[in-house]
Amino acid sequence: MTLAEISLLAVAVGGAALLGWFLYGRGRDHGPCVGCGQCRETGVCVLTGKYVGPGARKKK
């Protein structure tokens, strides 16, 4: 492979990675979730201690 081919390949792969980050990685504003389900029971996240919002169900 010549230097031009390697450069073109690097630009193409970098562009694809940037496009994937732009479409799927940006704008994710959620903390890490361990999936314990405590936020659904109490409405408070175990990791952050913050209220998770109106989607939380009350304990029955």
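For the structure itself, look to the data block above.
Residues numbered from 1 in each chain as written. Predicted model: local features only at pLDDT ≥ 70, side-chain atom pairs only at ≥ 80, totals over all residues. Heavy atoms only, no water.

(A) Quick peek at the overall build of the chain. When its secondary structure is counted, the chain shows two helices and zero strands. When the 60 residues of the chain are sorted by exposure, 7% land in the buried category. About 5,500 Å² of surface is accessible on the chain, with carbon and sulfur atoms providing 64% of the total. (Helix = DSSP H or I, 4+ residues; strand = E, 2+ residues; numbered from the N terminus. Buried < 20%, exposed > 50% of the residue type's maximum accessible area, 1.4 Å probe, protein only. Areas by Shrake-Rupley, 256 points an atom, 1.4 Å probe, with all protein chains shown as cover.)

(B) Highlighting a nonpolar patch on the surface. A cluster of nonpolar side chains, namely L18, L19, W21, F22, L23 and Y24, defines an oily patch on the protein surface of about 720 Å² accessible area. Mapping L19 onto the fold places it in helix 1 (residues 3-25). (Patch = residues over 30% accessible without salt bridge, like charges linked within 9 Å, V, L, I, M, F, W, Y side chains within 5 Å. Salt bridge = Lys/Arg side-chain N within 4 Å of Asp/Glu carboxyl O.)

(C) Spotlight on the environment of G49. Looking at the element boundaries, G49 is found in the segment after helix 2 (38-42). Given the relative accessible area of 51%, G49 is considered exposed. Residues G49 and C39 lie ten residues apart in sequence; the distance between their C-alpha atoms is 9.5 Å.

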